[in-house]
Amino acid sequence: MEQDKVVIFDTTLRDGEQSPGCSMNLTEKLAVAKQLEKLGVDVIEAGFPVSSPGDFESVKMIAEAITESTVCGLARATKKDIEACGEALKGAKKARIHTFIATSPIHMEYKLKMSPDEVVKRAVESIKLAKTYTDDVEFSCEDASRSEIPFLCRIVEAAIDAGATTINLPDTVGYAVPWEFGKFVKAVIDGTPNSDKAVFSVHCHNDLGMAVANSLDAVHHGARQIEVALNGIGERAGNTSLEEIVMALETRKDELHCTTGINTKEIYRSCRLVSQTTNMPIPANKAIIGRNAFLHESGIHQDGVLKKKETYEIMNPASIGISVENLVLGKHSGRHAFHVRMKELGFDLEGDALLNAFEDFKKLCDRKKEVLDDDLIALVDAQMATADDSYEFDHLYVFTGTDLTSTATLGVKVDDEVKEIATLADGPVDAACKAVEEILGPQYRGAFDMHSYRIEAITGGTDAQAEVNIKVSYKDKTFNGHGLSTSILEASAKSYLNAINKAVNWDQMNHKKEED
Ligand code: KIV
Ligand code: ZN
């Protein structure tokens, strides 16, 4: 049977980024956008340009950097929003403007205070204005699942006549249930006379845990675009998860008869990058990408899998990019072997990036007997996380013990000069973090508040690398820090230093803007 293509529209950088604690800086957004392109998503919703100068800048930067995927910006149905969006997308090879207005009675009456006629008029004007910037215009009926079907058909017909090429029907509040939502999408498609001139899309929220099921049912009833986010991040309980929907379509082709352009082998890498960048851990039992997703604990299952994998495995972990070989590298592995393995793991490192990663790998070999694939991936992730840091970790000596005040001596490299400072505190992590603040100078002393600290071993073994992820607040903003080392104290200091680098960069950028 012929397979229909479903457009994958990713909103990790817009709806995902706007969820609590998930904000990313410019460099992080660009890295995620490049990974999304590698993953093969059709459309990257890069941000909401009018919402802040930072969002405008990141949409602009992503638009200029991405060539394969379409880059999209969000705009309310207002002149100011659409102009900002059009401006930010100017440099894109393929640009889409996504404009939206609410269509449910409750939103029109209480939020917009507009009549249905005014809403239709505004939608049409906005789409026409967006068309002056790009041919590719998406129109969303916000809160569609609680809107009246006859009104939806009316506004959608007008939107398509005005030039909208994609019509999105969001379940904004995550209220729908699958058997109802699919029928609802079909009713709008069937009730709109010109529906054949647009692609119908859905955007489901996960408040009742049904975003993926609702999206699948919509595809079953005619939708051909799904809006998703990596790891399912997004407002409140999040959006439809990219990895779950793509693997459901892939695994159940027999039932759904649809394909996507996603390179599934990039799924694991992409999800890991977003988890790390947003500092949102992936639960062990998370479908597709959780640590336990391919583990078989019960004896009966293990026995079955050993006899024939398919007895209990419906997907192959390698198909989503989980390395099954786990090649071991060590002290005697040369640069060529390292380069080849990194390439096999999806990292095509060149020039300085290769040299630095190889240097870190060699240092790790001195501290850890066997270097596994997960160690290598963690090394590259740590390099990426610290790429913009002006304060670089150099060394740390800690003296600590039971019933002792801990002393930390920290060395940090700034402008090629190593500054060293010693501090005392109750515990060793506290002492190391205090030393970081001392090095920055008196204006930053006590200015940061660490409100989340997570530590995880990358592999098994007592010589494993520890990954420390923290959240630090500074002037009401949250900054994520990431640190990696075989020493948990070093990983903690690096993580704190990384978060503080981001806070200081942000501070300096803000001051610069004020001066301009
Ligand atoms: O949830 C929603 O309705 C949205 C729209 C802007 C598409 O995010
Ligand atoms: Zn949303």
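Overview of the structure. (Residues numbered from 1 in each chain as written. Chains lettered and ligands numbered in written order. Predicted model: local features only at pLDDT ≥ 70, side-chain atom pairs only at ≥ 80, totals over all residues. Heavy atoms only, no water.)

All right, on to the overall build of the protein chain then. Within the protein chain one finds 18 helices and 16 strands. Relative to the globule expectation of 24 Å for 516 residues, the C-alpha radius of gyration of the protein chain, 25 Å, shows essentially globular dimensions. Dimensions of the protein chain, computed from the C-alpha atoms along their principal axes, are close to 75 × 70 × 45 Å. Considering the protein chain as a whole, with its 516 residues, one finds that 53% of them fall into the buried category. Element-wise, carbon and sulfur atoms account for 52% of the exposed surface of the protein chain, whose accessible area totals about 23400 Å². If you average the places of the 57 positive and of the 82 negative side-chain charges in the protein chain, the two averages end up 2 Å apart. (Helix = DSSP H or I, 4+ residues; strand = E, 2+ residues; numbered from the N terminus. Rg over C-alpha atoms; globule rule 2.2 N^0.38 Å. Buried < 20%, exposed > 50% of the residue type's maximum accessible area, 1.4 Å probe, protein only. Areas by Shrake-Rupley, 256 points an atom, 1.4 Å probe, with all protein chains shown as cover. Lys, Arg positive; Asp, Glu negative; His and termini not counted. Charge placed at Lys NZ, Arg CZ, Asp CG, Glu CD.)

Bringing helix H6 (residues 116-131) into the picture now. Under the 1.5 Å per step criterion, the end-to-end length of H6 is 23 Å for 16 residues, consistent within 8% with the ideal 22 Å. For H6, every residue scored as buried is listed here: Val119, Val120, Ala123, Val124, Ser126, Ile127 and Ala130. The buried residues of H6 occupy an angular sector of 165° when the element is viewed end-on, so they sit on one face. (Expected span 1.5 Å × (residues − 1). Arc of directions from axis to C-beta.)

Okay, the coordination of the zinc ion (ligand 2) next. Taken together, Asp15 (OD), His203 (NE2) and His205 (NE2) make up the protein donors of the zinc ion (ligand 2), found 2.0 to 2.1 Å from the metal. Taken in sequence order, the residues that donate to the zinc ion (ligand 2) follow the motif D-x187-H-x1-H. Note on accessibility: His203 and His205 belong to one class, buried. (Donors = N, O, S within 2.8 Å, 3.2 Å for Na, K, Ca; no water.)

Okay, the pairing of strand S15 (residues 466-474) next. With nine of nine residues buried, S15 is to be regarded as a mostly interior element. The alternating pattern of S15 places Ala466, Val468, Ile470, Val472 and Tyr474 and Glu467, Asn469, Lys471 and Ser473 on opposite faces, both of which are buried. Hairpin remark: S15 followed by strand S16 (residues 477-485), antiparallel, with two residues in the connecting loop; positive phi at Lys475, about 45°. (Pairing = 2+ DSSP bridges.)

Here the focus is the packing of helix H7 (residues 149-162) against helix H8 (residues 178-191). Two measures define how a pair of helices packs: the angle their axes make with one another and the distance between the axes. Look at H7 against H8: their axes get within 9 Å of each other, and the N-to-C directions meet at 50°. Here H8 runs oblique to H7, going by the angle between their axes. Note that H7 runs across H8; the crossing there is right-handed. On H8, the residues touching Ile149, Leu152, Cys153 and Val156 of H7 are Phe184, Ala187, Val188 and Gly191. Of the residues in the contact of H7 with H8, the class split is seven nonpolar, one polar and no charged. (Axes fitted to C-alpha atoms, helices over the stretch in contact; angles between N-to-C directions. Parallel < 35°, antiparallel > 145°, perpendicular 65-115°, else oblique. Left-handed = near helix turned anticlockwise from the far one by under 90°. Contact = heavy atoms within 4.5 Å. Nonpolar A, V, L, I, M, F, W, Y, C, P; charged D, E, K, R; others polar.)

The next point concerns the sheet that holds strand S11 (residues 391-399). If you walk across this open sheet you meet the three strands as S11-S12-S13, and the pairing is antiparallel. Single-partner strands in this sheet number two, and they are S11 and strand S13 (417-425). Neighbour-to-neighbour, the strand axes of the sheet open up by a mean angle of 20°, direction not taken into account. Along the sheet face, helix H17 (residues 428-440) touches S11, strand S12 (406-414) and S13 and points at about 135° away from the line of S13.

Before going further, it helps to spend a moment on the pattern of salt bridges. As enumerated under the stated definition, the model contains 39 salt bridges in all. Salt-bridge contacts for Lys502 lead to Glu28; the nearest nitrogen and oxygen are separated by 2.7 Å. In this pair, Lys502 is assigned in helix H18 (residues 488-515) and Glu28 in helix H2 (residues 26-39), connecting sequence segments 474 residues apart. Accessibility assignment for this pair places Lys502 and Glu28 in one class, buried. Residues participating in the shared-partner salt-bridge network are Arg269, Arg272, Asp381 and Glu467. (Salt bridge = Lys/Arg side-chain N within 4 Å of Asp/Glu carboxyl O.)

In spatial order, the strands read S2-S3-S4-S5-S6-S7-S8-S9; together these eight strands close into a barrel with parallel pairing. With direction set aside, neighbouring strand axes in the sheet form an average angle of 25°. Inspection of the sheet shows strand S7 (residues 166-171) paired to strand S8 (residues 199-204) by six bridges, in the parallel sense. From the neighbouring strand, Ile167 faces S8, where its bridge partner is Phe200.

The next subject is unusual backbone geometry. Of note in this structure, His257 is not a glycine but carries a positive phi near 50°. Inspection of the secondary structure puts His257 in the loop between helix H11 (253-256) and strand S10 (258-259). The phi dihedral of Asp416 falls on the positive side, at around 65°, and the residue is not glycine. When you line up the elements, Asp416 lands in the loop between S12 and S13.

Once that is clear, we can look at the site of ligand 1. Lining the immediate environment of ligand 1, one finds Arg14, Asp15, His98, Phe100, Ser140, Glu142, Asn168, Pro170, Thr172, His203 and His205. Thr172 places a side-chain nitrogen or oxygen 2.7 Å from an oxygen atom of ligand 1. Interatomic distance of 3.0 Å between a side-chain N/O atom of His205 and an oxygen atom of ligand 1. Counting only elements with at least two residues in the shell around ligand 1, the list comes to helix H1 (12-16), strand S5 (95-102), strand S6 (137-142) and S7. Class assignment for the residues of the shell around ligand 1 results in two nonpolar, six polar and three charged. (Near = heavy atom within 4 Å. Polar contact = N/O pair within 3.5 Å; in protein donor to acceptor, adjacent residues only side chain to side chain.)

Glancing now at the pairing of strand S3 (residues 43-47). Burial of S3 is extensive: five of the five residues sit out of reach of the surface. Bridge analysis of strand S2 (residues 7-10) against S3 gives two bridges, and the strand direction is parallel. Among the inter-strand pairings, Phe9 is bridged to a residue of S3, identified as Val43. Relative to strand S4 (residues 70-76), S3 runs parallel, the two sharing four bridges.

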